[in-house]
Amino acid sequence: MNILSQLGTYLTDTTHWSGQDGIPMRVLEYLEYTGLALLIAVVIALPIGLLIGHTNKGATWVIALGNASRSLPTLGLLTPTVLLAGLGLVPVLVALVILAVPPSSPPPTPASGTWSRRSPTQRAGWA
């Protein structure tokens, strides 16, 4: 049997579409984990981003930390958290939250090309 026929057999078997271990329940579980990780990442990253965007203080450290965390592979994040916290929701959420925070780039400076394309009010930080 090749892999496609095995997949077809699995997906057409009615026992895989019902009960607590069925495909719909697994999809809902996946969406729950993803939504919770996204919510936690927004709660962490949005205030920090707003603070840095308005004050420009600590941007170098936050950008370096965010970019360093993005360079770690998912398995590299998941392995230590499983070893420390055990199996369950916590290791998955830790890995997903770290990977959900977007990579950053430094703010534009007068020497960069984006600065010169800004209006005076944008340069002053009013827009």
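Data block above holds the structure.
Predicted model, so just to flag it, every value in this text is computed and none were measured.

**Considerations on the overall build of the chain**
- A tally of helices and strands in the chain yields seven helices and zero strands.
- Along the chain direction, N to C, the helices and strands of the chain fall in the order α-α-α-α-α-α-α.
- Sorting the 127 residues of the chain into buried and exposed places 12% on the buried side.
- Here the contacts in the chain between residues at least 6 apart in sequence split such that 51% fall between residues at least 24 apart.
- Of the accessible surface of the chain, which amounts to about 9,500 Å², a share of 71% is contributed by carbon and sulfur atoms.

**Examining the pattern of salt bridges**
- In total, this model carries two salt bridges according to the counting rule given.
- Among the charged side chains, a network of salt bridges with common partners joins D21, R26 and E29.

**Things to note about helix α5 (residues 89-100)**
- In this model, α5 (12 residues) spans 16 Å end to end at C-alpha, consistent with the 16 Å of a helix rising 1.5 Å per residue.
- Taken residue by residue, α5 has P91, L93, A95 and V97 as its buried positions.
- Next to the buried residues of α5 lie α2 (23-55) and α4 (74-85).

**Focus: a nonpolar patch on the surface**
- The grouping of L36, L39, I40, V43, I44, I48, V62 and L89 at the surface amounts to a nonpolar patch, some 610 Å² of accessible area in total.
- The element contributing the most residues to the nonpolar patch is α2, with six residues.
- Secondary-structure assignment places L39 in helix α2.
- In this structure L39 comes out as exposed when scored by relative accessible area, which is 53%.

**Points about the environment of G49**
- Tracing the chain through its elements places G49 in helix α2.
- As a C-alpha pair, G49 and A59 span 10 residues in sequence and 8.9 Å in three-dimensional space.

**Some points on the packing of α4 against α5**
- α5 packs onto α4 with a crossing angle of 145 degrees between their chain directions and a minimal axis gap of 8 Å. For the crossing formed where α4 meets α5, the hand is right-handed. Of the residues in α5, those touching α4 at T74, L77, L78, T81, V82 and A85 are V90, P91, V92, V94, A95, I98 and L99.
- Of the residues belonging to the contact of α4 with α5, the class tally is 11 nonpolar, two polar and no charged.

**So, the side chain of T81**
- Relative to the assigned elements, T81 resides in helix α4.
- Owing to a relative accessible area of 15%, T81 belongs among the buried residues under this scheme.
- Dropping the residues within four chain positions of it, T81 is found in contact with G86, P91 and V94.

Scoring rules and cut-offs
Residues numbered from 1 in each chain as written. Predicted model: local features only at pLDDT ≥ 70, side-chain atom pairs only at ≥ 80, totals over all residues. Heavy atoms only, no water. Helix = DSSP H or I, 4+ residues; strand = E, 2+ residues; numbered from the N terminus. Buried < 20%, exposed > 50% of the residue type's maximum accessible area, 1.4 Å probe, protein only. Contact = heavy atoms within 4.5 Å. Areas by Shrake-Rupley, 256 points an atom, 1.4 Å probe, with all protein chains shown as cover. Salt bridge = Lys/Arg side-chain N within 4 Å of Asp/Glu carboxyl O. Expected span 1.5 Å × (residues − 1). Patch = residues over 30% accessible without salt bridge, like charges linked within 9 Å, V, L, I, M, F, W, Y side chains within 5 Å. Axes fitted to C-alpha atoms, helices over the stretch in contact; angles between N-to-C directions. Left-handed = near helix turned anticlockwise from the far one by under 90°. Nonpolar A, V, L, I, M, F, W, Y, C, P; charged D, E, K, R; others polar.

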